[in-house]
Amino acid sequence: MDIKSINNMLDKTLVQGGTKSVDTQSNQVTKQNDINQQLKEELKKLDKNQIESLLKGIKEKFDYMNKYLKIEIDKDLQEPVIKIIDKKTNEVVRQIPPEYLLELAKRIDELVGLLFRKEV
């Protein structure tokens, strides 16, 4: 796969969203995980110059839309959280993974901690 196809995958990933039923959200999560896994595998195949070119193209697209990309690490889950933020209002336009999934993952971690207590 080349940079152009990775760009297409990223574009599709960033555009998807909206409110859906629980079953549809579950299917969306599975589909999103598959896409994320494909992206990770393809990004591993690229060299540094190709990745820089890809990031430059993404930045240009966001600049055109008057938005910027912010990547954070969630302090509780230690997972990356990608936010697309409007430059004028500083409002989060899109977040990957969505806030409801982060909250769900945190609650699952809590439940697992209650069910399985580690003893040393």
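For the structure itself, consult the block above.
Overview of the structure. On a predicted model such as this, the values are computed, not experimentally measured, just so you know.

## Quick word on a nonpolar patch on the surface
Side chains of Leu-104, Ile-108, Val-112 and Phe-116 sit close together on the surface and give an oily, nonpolar patch of about 390 Å² of accessible area. Relative accessible area serves as the criterion here: at 44%, Ile-108 is assigned to the partly exposed category.

## Quick look at the environment of Lys-88
With respect to the helices and strands, the residue Lys-88 is situated in the loop between β2 (80–86) and β3 (92–96). With 21 residues separating them in the primary sequence, Lys-88 and Lys-67 have C-alpha atoms 8.2 Å apart.

## Details of the sheet that holds β3
Taken together, the 3 strands give an open sheet; going across it, the order is β1-β2-β3, and neighbouring strands pair in antiparallel fashion. In the strand order of this sheet, the two ends are held by β1 (67–73) and β3, each with one partner. Sheet twist, expressed as the average angle between the axes of neighbouring strands with direction ignored, equals 20 degrees. Looking at chain direction, β1 and β2 are connected through 7 bridges and run antiparallel. In the strand pairing of β2, Glu-72 is matched with Val-81. Across the sheet, helix α3 (residues 48–64) touches β1 and β2, and the angle it forms with β1 is around 125 degrees.

The rules we used
- Residues numbered from 1 in each chain as written.
- Predicted model: local features only at pLDDT ≥ 70, side-chain atom pairs only at ≥ 80, totals over all residues.
- Heavy atoms only, no water.
- Patch = residues over 30% accessible without salt bridge, like charges linked within 9 Å, V, L, I, M, F, W, Y side chains within 5 Å.
- Areas by Shrake-Rupley, 256 points an atom, 1.4 Å probe, with all protein chains shown as cover.
- Salt bridge = Lys/Arg side-chain N within 4 Å of Asp/Glu carboxyl O.
- Buried < 20%, exposed > 50% of the residue type's maximum accessible area, 1.4 Å probe, protein only.
- Helix = DSSP H or I, 4+ residues; strand = E, 2+ residues; numbered from the N terminus.
- Pairing = 2+ DSSP bridges.
- Axes fitted to C-alpha atoms, helices over the stretch in contact; angles between N-to-C directions.
- Contact = heavy atoms within 4.5 Å.

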